[in-house]
Each structure stands twice: as C-alpha cells, then as structure tokens.
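If you want the building blocks of each chain, they are given just below.
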Amino acid sequence: MKQIRNSIGKNIFHLFYSTALSSILNAASLIVLASFISTDDYGKFSVVLAFAMIMAYLTEAGLNQIVLREGAKKEASISLIMASFIKLRLGLTLATLMIGFLLIHWMYAGDTALITLSYALIFPLVIGIAMQSISITYFQMLEKMQYSGMIRMVSAGLLITVILVGKWFYIDPMIVFFLYGSAYFLAGCFGIFLTTKTLKLSIRFPFYKGLWKHWGPFLVTGLLFILLPQIGPIVLEKTLTWKEVGYFAVAYRIPQALQQLPFIIAGAFFPVLFRLFQAGDYEQHVKKSITQVKLMLLAGMLAAIPFYHLSDFVIGVLFGERWMEAAFLLKVLALVMVFQGGSIALGDGLTTRALQSRRMTVLAVGVASGVMFYAFFSERYGLTGAVVAGVLIEVILLFGFLICHPDRMVLGKRAVVPYLIYFFITLLGIEVFLSSIPFLAACTQFVLILALAVMDKEWREKVPALLKKVGLVKESKSKIRKEAHDGAS
C-alpha cells in the first residue's frame, strides 16, 4: 500500500513548531547547567560532549542520507531497507564505542576525572542518539515529519527535566552528566517504540545491497560535517584554559542550538530534492534548490539578529554576570548562522544531485582550515581569535559549495550574493547609526530582512498562489465532508 506523504509546507510546519520548542528547551538546559556548575566543569563537559557527538555520528556514518536516497526510488521496499539499516547501525555503534573509549583513554591517560566523565556521558548519549536517528530517518523517508518532531520534543523535554532535577537537589555534576546522556537514551527508546508501531521487520530479511552504493563519500562527508562544530572545544583545550573553553562553549552553543531553524527547511526539502533528481526532473530540482537557499538564508539572518545586537542582554539575563565575558563572543558567532543557512542548502543541492564527493571535498577543506584557524588565531588572539576562526570556517564552506555547484551562476545571482550583500549593508548601516540603542537596532534590522522577502519577485508571485492553493484545499475538504454527510443521511 502506497504511503501518503505530507507536502513540503506541512512538513516545514511540523518541523518548525517541534524544532522551535526543542531548541528552546535545549538552550534552557544549557543555561540551567551553566548556572550551577563551575566554568572549569563546563569546559570539561563541552570537550567530552564534542567527543560524544562525533561518536554519535560514527554510529550513523552517512547511512541516513543513503537510506533516504534508496527510499526515494520507485517501488522501494521500506521494510527491507530499514532492516538492513538497523543491522548496520548496531555494528557501527558497538565498534564506535570500543574505538572511541580506547582513544579517550590514550589522549587523557592522566586525567581520571575526565575519563570517568566520558563514561558517564557518552554511553547513554551515543546509544540514545543512534536509536533516535533510526526513527527520525524512517519518518523522514516517509515524509511524515510530525513524528520526527515528536521524538525531538520528547528528547528536549527529558533533557531539561533531568537538568532541573540536578539543580534542585544539588546533585553531583558527574551524576548530572550521566542523567544528561540518559535523557537521549530514553527519547531513543520512545522513537523505536513509534517506529515499531508502523514498521514490520524481521532479522531474516536479506541484506539490501543498495546501502553499499557510494557509501564512502557519504560516510566521510557526514564525519566532516559533524567534526566542524566539535573541533572548536577539542582544539581550544590545547591553547586556552578550561575556563576560557567554558566561555567559548557557552557562546557557541547558543547559535549552534538555533541553527536548527535552517535545518527545519532542509529536512523538508531533502527527500523532495532526492525524488526530483531520481525522476530526472532537473529543472524543478534547480527551482526547488533556489527556493531552499533563499529560505535558509532568511532563516539564518533572522535567527542571528537578536544575538548579534543584544548579546550583552542575552548573556546577562540567561547566564548572569559571571558569564559576561562570553557576550562579545556570542555577538561574533551569531554571524555563523547567516553563512551556515546558505551552506547547508547548497550542500544539500550537491548531495541530491549525486555529487556527494564535491560536498566531501569542500567539508574536508573546511575541517582542515578549522583546525589551523582555531589553533593559530586562539594562540595569538585568545578568545577573540577563536570566534573569528569559527566565522571564517563558515565563509569558506558557503563559497566552496557555491563554486562546486553545477548551477553556481543562477544560485549566486538569484540567491546567495544579493541576499548576503543586503544583509551586511543593513548590518553596517545599523551599526553606524543605532549601535548605542541595541533593541531598536535589532527591531530595525528584523524589519529590513522581512522587507527583503517582500522585495523578492519570487516570493511576491508565490505567496498569492500558495494562499489560493490553501483556499482550494480547504474548499475541497469542505466539499468532501459535505458529500460524506449527505451520503450518510
């Protein structure tokens, strides 16, 4: 029986409210955690969390996108693909945990506390993320994002709950870190429960060989992608103090959490772009790619505005005076969200056009540059150099993906270049005239960015058509209900 898929708009809606809520709760958990542990402990936690996230990716190793690619094919056997996917994930999870802990023991042989912290946090977190990932990929393949969103919300809700329990009962930080990882594990169990309600599996299913096709580029690309936000704490631990690493982590975690806004759009477009390319509809693929780049740039800009102009206020209110040194860091790192929105969209365009090797190459350059930038700039300029390095990495990725894209000219002319020029011209003007009134500066630029969408001819043409379509859908549904009612009578 053929699955009924959600529309892109419906999936964006489901992902928007679920990601917004989960992002708020995740950010709140970081705020609460920072409020009752020392800056040194937070620095150590950030380094171990970076290792945990890298290991969590290695349990997936690029398979998620391959599953979406194979599931987008006509007459694809979802049960067979998912059964093979789960078998591979189990093997990868076991191998990752074994190799990961051997590496941690080797790198931090003299730091017993850090190794203990690693066991407390990494085991439940990595296993939990692996289970969540399986479920989220399954529902993304079906283009039913409401279930993916539900899993994320449960995960974030459990996370803030265990952190609050740790604060209220003055629990030892080591136990709190274990509870932090356990929240991911429990949410993973919930995701598997949802999956098994609609998916029938058997260990006797033969292995689906399509998962091996071009796995290498996907594996390396995904690893490089997950390394990018994690190399900061890992490299800076060698050049800065634990306290300084804690400041950087607090500033970086906020835009990192809010970058989920562009991912909402990416998650809805990704399976559709795969399907269009598989069907050979290259013209529509280009049009959808342009729309995705514009939407994700706008989302990144709007997310960055309050944290750029109101960084002092945000840090002061959320974290308190003892974290105020992170305010300037947050101001600079807010720009990461602008570049990242566009780079993710361009990278998805490459992936869905079977050009994963190009995406992998650009990410490799980004990671290598990131290690050098973080080491060099932090050694010379401390925390200021560290945040500048973080922004430079995203600039390299954005323009690297654009240069490598077959439709670079149309994407650059219609989306990337005009949108970025407009954003930075408005930013410069507001800095010159309104920097002393941060609230007014934020509101003014927010309005100006929304005006960009109004000035864009594509949006002016699409919005009336979309409203008309929604109206027709409502009218059609009303007619069906009326006919059903008359028939019942």
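Residues numbered from 1 in each chain as written. Predicted model: local features only at pLDDT ≥ 70, side-chain atom pairs only at ≥ 80, totals over all residues. Heavy atoms only, no water.

A. Seen up close, the overall build of the protein chain. Secondary structure summary: the protein chain contains 18 helices and 0 strands in total. Considering only contacts within the protein chain whose residues lie at least 6 apart along the sequence, 82% involve residues at least 24 apart. For the protein chain, the accessible area works out to roughly 22000 Å², and carbon and sulfur atoms hold 70% of it. (Helix = DSSP H or I, 4+ residues; strand = E, 2+ residues; numbered from the N terminus. Contact = heavy atoms within 4.5 Å. Areas by Shrake-Rupley, 256 points an atom, 1.4 Å probe, with all protein chains shown as cover.)

B. View of the environment of glutamate 394. Relative to the helices and strands, glutamate 394 is located in helix H15 (residues 356-404). As for glutamate 394 and methionine 337, which are separated by 57 residues in sequence, their C-alpha atoms are 8.7 Å apart. Beyond its immediate sequence surroundings of up to four residues, glutamate 394 is in contact with Val336, Phe339, Gln340 and Ser343.

C. Unusual backbone geometry, seen in detail. Phi at tyrosine 170 is positive, roughly 50°, even though this residue is not glycine. Secondary-structure assignment places tyrosine 170 in the loop between helix H6 (145-168) and helix H7 (173-198). Tyrosine 170 gets classed as exposed once you look at its relative accessible area, which sits at 77%. (Buried < 20%, exposed > 50% of the residue type's maximum accessible area, 1.4 Å probe, protein only.)

D. Molecular detail of a nonpolar patch on the surface. Residues Phe313, Val317, Leu318 and Phe439 make up a contiguous nonpolar surface patch of about 380 Å² in total accessible area. When residues of the nonpolar patch are assigned to their parent elements, the largest contribution, 3 residues, is made by helix H12 (residues 311-318). With respect to the helices and strands, leucine 318 occurs in helix H12. (Patch = residues over 30% accessible without salt bridge, like charges linked within 9 Å, V, L, I, M, F, W, Y side chains within 5 Å. Salt bridge = Lys/Arg side-chain N within 4 Å of Asp/Glu carboxyl O.)

E. Main features of the packing of aromatic side chains. Applying the stated rule across the entire model yields 21 aromatic pairs. On the basis of an interplanar angle of 45° and a centroid distance of 5.9 Å, the ring pair of tyrosine 180 and tyrosine 184 is categorised as tilted. In this pair, tyrosine 180 and tyrosine 184 both sit in helix H7, 4 residues apart, roughly one turn of the helix. Every member of this aromatic cluster is reached through a ring pair, and the members are Tyr42, Phe45, Phe177, Tyr180, Tyr184, Tyr247 and Trp323. A cation over a ring is seen here: lysine 331 above tyrosine 308, with NZ or CZ 4.0 Å from the ring centre. Here arginine 359 stacks its cationic end above the ring of phenylalanine 401, 6.0 Å away from the centre of that ring. (Phe/Tyr/Trp six-rings, centres within 6.5 Å; stacked < 30°, edge-to-face > 60°. Lys NZ or Arg CZ within 6 Å of the ring centre and 35° of its normal.)

F. Expanded view of the confidence of the model for the protein chain. Residue-level pLDDT values for the protein chain average 84, and 90% of them are 70 or greater. For residues 469-485, every residue scores under 50 in pLDDT, and the model assigns this stretch 0 contacts once sequence neighbours within four places are set aside. (pLDDT = per-residue confidence, 0-100.)

G. Structural detail: the side chain of serine 289. With respect to the helices and strands, serine 289 occurs in helix H11 (residues 282-309). Overall, the relative accessible area of 4% leaves serine 289 in the buried class. Beyond its immediate chain neighbours, meaning those up to four positions away, serine 289 contacts Leu273, Gly349 and Leu411.

H. Spotlight on the pattern of salt bridges. Under the definition given, this model contains 6 salt bridges. Taking the shortest distance from any N to any O, the salt bridge between aspartate 348 and arginine 359 comes out at 3.2 Å. With aspartate 348 in helix H14 (residues 335-352) and arginine 359 in helix H15, this pair connects stretches of sequence that are 11 residues apart. For the pair formed by aspartate 348 and arginine 359, the shared burial category is buried.

I. The side chain of glutamine 230, seen in detail. As for its placement among the helices and strands, glutamine 230 is situated in helix H8 (residues 215-239). Residues in contact with glutamine 230, not counting those within four places in the same chain, are Leu49, Ala50, Met53, Ile54, Arg253 and Gln256.

J. Representation of the nonpolar core within the structure. In terms of nonpolar packing, the biggest core is built from 123 residues, with Tyr42, Ile122, Leu125, Tyr180, Phe248, Ile315 and Tyr374 touching the most fellow members. Here the element with the most residues in this core is H15; it accounts for 15 residues. If near-sequence neighbours (up to four positions away) are discounted, phenylalanine 248 is found in contact with Gly232, Pro233, Leu236, Leu329, Leu333, Tyr374, Leu383, Ala386 and Val387. Counting 26 residues, the second-largest nonpolar core is a separate cluster that includes Leu68, Met82, Leu194 and Leu211. (Core = buried A, V, L, I, M, F, W, Y, C linked by side-chain atoms within 4.5 Å.)

K. Structural detail: helix H17 (residues 438-455). Its 18 residues give H17 an end-to-end C-alpha distance of 26 Å, which sits within 8% of 26 Å, the value for a rise of 1.5 Å per residue. What H17 keeps buried is the set Ala441, Ala442, Gln445, Ile449, Leu452 and Ala453. Looking straight down H17, one finds its buried side chains confined to an arc of 120°; they lie on one side. Away from its buried face, by an angle of more than 90 degrees, H17 presents the exposed residues Cys443, Val447 and Val454. (Expected span 1.5 Å × (residues − 1). Arc of directions from axis to C-beta.)

L. Representation of H14 within the structure. For H14, which comprises 18 residues, the first-to-last C-alpha distance of 27 Å matches the rise-based estimate of 26 Å (1.5 Å per residue) to within 8%. A large share of H14 lies buried, amounting to 18 of its 18 residues. Residue alanine 354 follows H14 closely and has a positive phi angle near 65°.

M. Up close: the environment of methionine 53. The topology assignment puts methionine 53 in helix H2 (residues 39-58). Sequence spacing of methionine 53 and isoleucine 122 is 69 residues, and the spatial spacing of their C-alpha atoms is 8.6 Å. Setting aside chain neighbours within four positions, we find methionine 53 in contact with Leu125, Ile129, Tyr184, Ile226 and Gln230.

N. Quick look at the packing of H6 against H7. Relative to each other, H6 and H7 sit at 155°, their axes nearing to 8 Å. The orientation of H6 with respect to H7, classified from their angle, is roughly antiparallel. Our pair here, H6 against H7, has a crossing hand that is right-handed. In contact with Tyr147, Met150, Ile151, Val154, Ser155, Leu158, Leu159, Val162, Ile163 and Gly166 of H6, H7 contributes Val176, Leu179, Tyr180, Ala183, Tyr184, Leu186, Ala187, Phe190, Gly191 and Leu194. Of the residues that constitute the contact of H6 with H7, the class distribution is 17 nonpolar, 3 polar and no charged. (Axes fitted to C-alpha atoms, helices over the stretch in contact; angles between N-to-C directions. Parallel < 35°, antiparallel > 145°, perpendicular 65-115°, else oblique. Left-handed = near helix turned anticlockwise from the far one by under 90°. Nonpolar A, V, L, I, M, F, W, Y, C, P; charged D, E, K, R; others polar.)

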